Amino acid sequence: MSSGLRWKILVGILILKFSEELPIQTKINFDDKWNYKTNPSHVSPMLNGSYKTILMPLYTFSHDLKIVDFDENLMRKSSLPERKESRVTDDMILRTKVSCGICNLGVGLLFTEVKNGHCFDEIKTKFVSLCVALKIESLNVCSGIFDTYGPEVIPVIELTSLGPTEVCKLIFGEICPVPDVNSHEWIVELPKTASPPLKTSPLTRFKEGLSVFKVLQISDTHYDLDYAEGAVANCEEPLCCRNYSTPRTDEDLMPAGRWGSYEKCDAPRAMLQNMFDFIALQHPDIDYILWTGDIPPHDIWNQTKENNLNVIEETIDMIFKAFPNTPIFPAIGNHESSPAGNFAPPWMTNSDHSISWLYDKISPSWLKWLPPNAEPTVRHGAFYSVLLRPGFRLISINTNYCHSLSWWLLVNSTDPASELKWLIHELQGAEDRDEKTHIIGHISPGSADCMKSWSKNFYDIVNRYEGTVKALFYGHSHADEFQLFYETVDEYSRRPTAVAYLAPSVTTFTNHNPAFRIYYVDGDHENTTRDVLEHETWTFDMEMANKLPNNEPQWYKLYSATETYEMENLSPSEWNKVVERMMIDDDLFQRFYKNYYRNSPTAPDCDTKCKIQILCDLKSAKSHSRRQLCNEINVFSL
């Protein structure tokens, strides 16, 4: 049984065992009365004043890799122990191969147990004993998980009308061979007017001297204030590299390096500060920054609201000092909340469970970069819309409202915070004004963590506004990848309509080299498309940086998309061709897989099963639709 599956069972046990313990808000009006139409769209361009478009340089590998010798230092055999496990394979086994019958059994048996009315301490003792007996985590971690999540998930089970099978279906998705949960199937209404005809103007080519925006994306920093150089990197706990980390008994101790570790460790301050300093020095011509969330570390068993806010505040301070004059556009990640992933919709007004504590704190920080009229939507649901330039809009959405591990969605998952209605309103306004739009968020809509109905509605919205939505930007997976939207899931008439770029993580958790992404977006000229014309991933070799006490990271450009993947442009159809070529061209796939982990020496081996799963991920911008979207790569025939 995978560790992920054991966690699912234990959470089911936890929420059911506690379901009669805590007082909750029992009378709920799911219509929070927020009128998304009363907040006028932002109309004064953000990129003004000293702003000017840059002339895009023509990069080449030989030019960009002057800092290090690519062949000698980056393609060498690693001195680190070989790692066999695959993060991707483990995750996809949980989502596509493990029967949810085990979940149903564990949750169903405990419904009767809950009715026995055992006290809080008795239930905690049983939960922790089971957690330790299954060797999921240590005593301290099991106890911490119970104390952190119990007070939040218990009232959810008090309120939900779902049964065990339905709970497992919503959490696990399509791997559960049962019908969808009808009470959680919903459709957001699209405008009855037809979308305007798509313009068929020639795509702008990536070439020297073109006027562009240079855009930085930073994602999944996961800053660990408790990171300690020399601490145990290969520990028993879910997060290592801390002074209290417990060594694994069957392995030689691996110390945490100055700049990070390939093990279950997050980012130390030294590495983050070095990255910000490098970007500010070597890329002073960045026009704006996309910051797509996940700021606190992965120590979910002992997090508090206060600790998370401290991490968020300190990270914002670092970024603000590094880029004091650069517009920054944030999106909120699932780890910003405590417990991690918990985002009660606005209809939950009880102060013990409301997410207002987070939105009220981030609002003043975000408003350092955003216009004043963004405040109402930020405080309501942590989303906003801004005009970058005349005819060019940016929309930041809160994808935690589709997160299947946001427990309040088990009560009511219908368009939380009216976010998708608001998004349609913004996109319709953009279409009417002939504005091209980019969308940013944290969890990609195709992630298995995104609930099916929310993802389907979002997918339909993007397709309806195909002529308006020119690109989407996310993080969350930690991998360097992308996801495609299609006009239909019918494999015989499937046309790519949009591409979502999933930026690589800054944190190394796990097996990754740190990275950031730079995009070149079609700039201000008469026939601008606002398309992404090129993107680059920048990284450094952490193993090399950690070898010498005073060695600094040597950041370099790992690859450029059009060059490495031999693309004419970065249109959805070209990205679709890349996926089709990788199905038969293993050399091309190996290039992609090397970039997936940023050339990490500890990247797990990727067998045929792993390859098929990754290729299916790339085709799946709609969650829990892999059977329809991945027929041609036989993802379910393994």
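In this convention, every chain numbers its residues from 1, walking through the sequence in written order. Since the coordinates come from a predicted model, pLDDT governs what is reported: local features require at least 70, and pairs of side-chain atoms require 80 or more to be given and counted, while whole-chain, interface and lining totals use all residues. In computing side-chain values, all of the structure's heavy atoms are included and hydrogens and water are not.

(A) Local environment of the overall build of the protein chain. Numbering of helices and strands runs from the N terminus; a helix is a DSSP stretch of H or I covering at least four residues, while a strand is a stretch of E covering at least two. When helices and strands are tallied, the protein chain shows 20 helices and 13 strands. For every residue, the accessible area obtained with a 1.4 Å probe (protein chains only) is divided by the maximum for its type, and the residue is called buried under 20%, exposed over 50%, and partly exposed between those limits. Out of the 638 residues in the protein chain, the part that is buried amounts to 62%. Taking all contacts inside the protein chain whose residues are at least 6 apart in sequence as the whole, residues at least 24 apart take part in 76%. Only the protein chains shown count as covering a residue, and every accessible area follows the Shrake-Rupley method with a 1.4 Å probe. Accessible surface for the protein chain amounts to roughly 24,700 Å². Of this, 52% is attributable to carbon and sulfur atoms. Residues are treated as being in contact if the distance between any of their heavy atoms lies within 4.5 Å.

(B) Inspection of the pattern of salt bridges at higher detail. The term salt bridge refers to a pairing of a side-chain nitrogen on Lys or Arg with a carboxyl oxygen on Asp or Glu at a separation within 4 Å. Counted by the stated rule, this structure contains 31 salt bridges. The shortest N-O distance in the salt bridge between Arg 517 and Asp 480 comes to 3.1 Å. Within this pair, whereas Arg 517 is found in strand E11 (residues 515-522), its partner Asp 480 is found in the loop between strand E8 (469-474) and strand E9 (481-486), the two being separated by 37 residues in sequence. Assigned by exposure class, Arg 517 and Asp 480 land together as buried. Across the pair Glu 487 and Arg 495 runs a salt bridge whose closest N-O atoms are separated by 3.2 Å. Take Glu 487: its relative accessible area is 47%, and that puts it in the partly exposed class. Among the charged side chains, a salt-bridge network with shared partners connects Asp 224, Asp 226, Arg 242 and Asp 299.

(C) Structural view of the packing of helix H17 (residues 572-584) against helix H19 (residues 608-618). Orientation of H17 relative to H19, taken along the N-to-C sense of each, is 170 degrees, at an axis distance of 10 Å. Taken together, the axis directions place H17 and H19 in an arrangement best described as roughly antiparallel. On the side of H17, the interface is formed by Val 579, Met 582 and Met 583, while H19 contributes Lys 611, Leu 615 and Leu 618. Axis geometry follows a simple rule: fit a line to the C-alpha atoms, using only the stretch in contact for helices, then measure angles between N-to-C directions, giving values from 0 to 180 degrees. The cut-offs work like this: below 35 degrees is roughly parallel, past 145 is roughly antiparallel, 65 to 115 is roughly perpendicular, and the gaps in between are oblique.

(D) Layout of the packing of aromatic side chains. By convention, a stacked pair of Phe, Tyr or Trp rings (six-membered ring in the case of Trp) has centres within 6.5 Å and planes under 30 degrees apart, an edge-to-face pair has planes over 60 apart, and any other such pair is tilted. All chains considered together, the criterion is met by 33 aromatic pairs. Ring geometry for Trp 366 versus Tyr 384: centroids 5.9 Å apart, planes at 75 degrees, classification edge-to-face. Placement of Trp 366 in helix H11 (residues 356-366) and of Tyr 384 in strand E5 (residues 384-389) is noted, with a sequence separation of 18 residues between them. The pair Trp 366 / Tyr 384 is uniform in exposure class, with both members buried. A centroid spacing of 6.1 Å and a plane angle of 20 degrees characterise the contact between Phe 589 and Tyr 593, whose relative ring orientation is stacked. Residue Phe 589 and its partner Tyr 593 are located together in helix H18 (residues 586-596), separated by four residues, close to a single helical turn. On the accessibility criterion, Phe 589 (0% relative accessible area) is buried.

(E) Seen up close, the nonpolar core. Definition used in this section: a nonpolar core is a set of buried Ala, Val, Leu, Ile, Met, Phe, Trp, Tyr and Cys residues joined via side-chain atoms within 4.5 Å. Counting 132 residues, the largest nonpolar core has Phe 329, Leu 358, Leu 423, Phe 458, Leu 472 and Trp 575 as the members making the most contacts within it. Per element, the largest residue contribution to this core is seven residues, and it comes from helix H10 (residues 305-322). Residues in contact with Leu 358, not counting those within four places in the same chain, are Leu 309, Ile 312, Ile 332, Glu 336, Ser 337 and Phe 343.

(F) Broad picture of the environment of Asp 317. In this fold, Asp 317 is placed in helix H10. Separated by 48 residues in sequence, Asp 317 and Ser 365 place their C-alpha atoms 9.2 Å apart.

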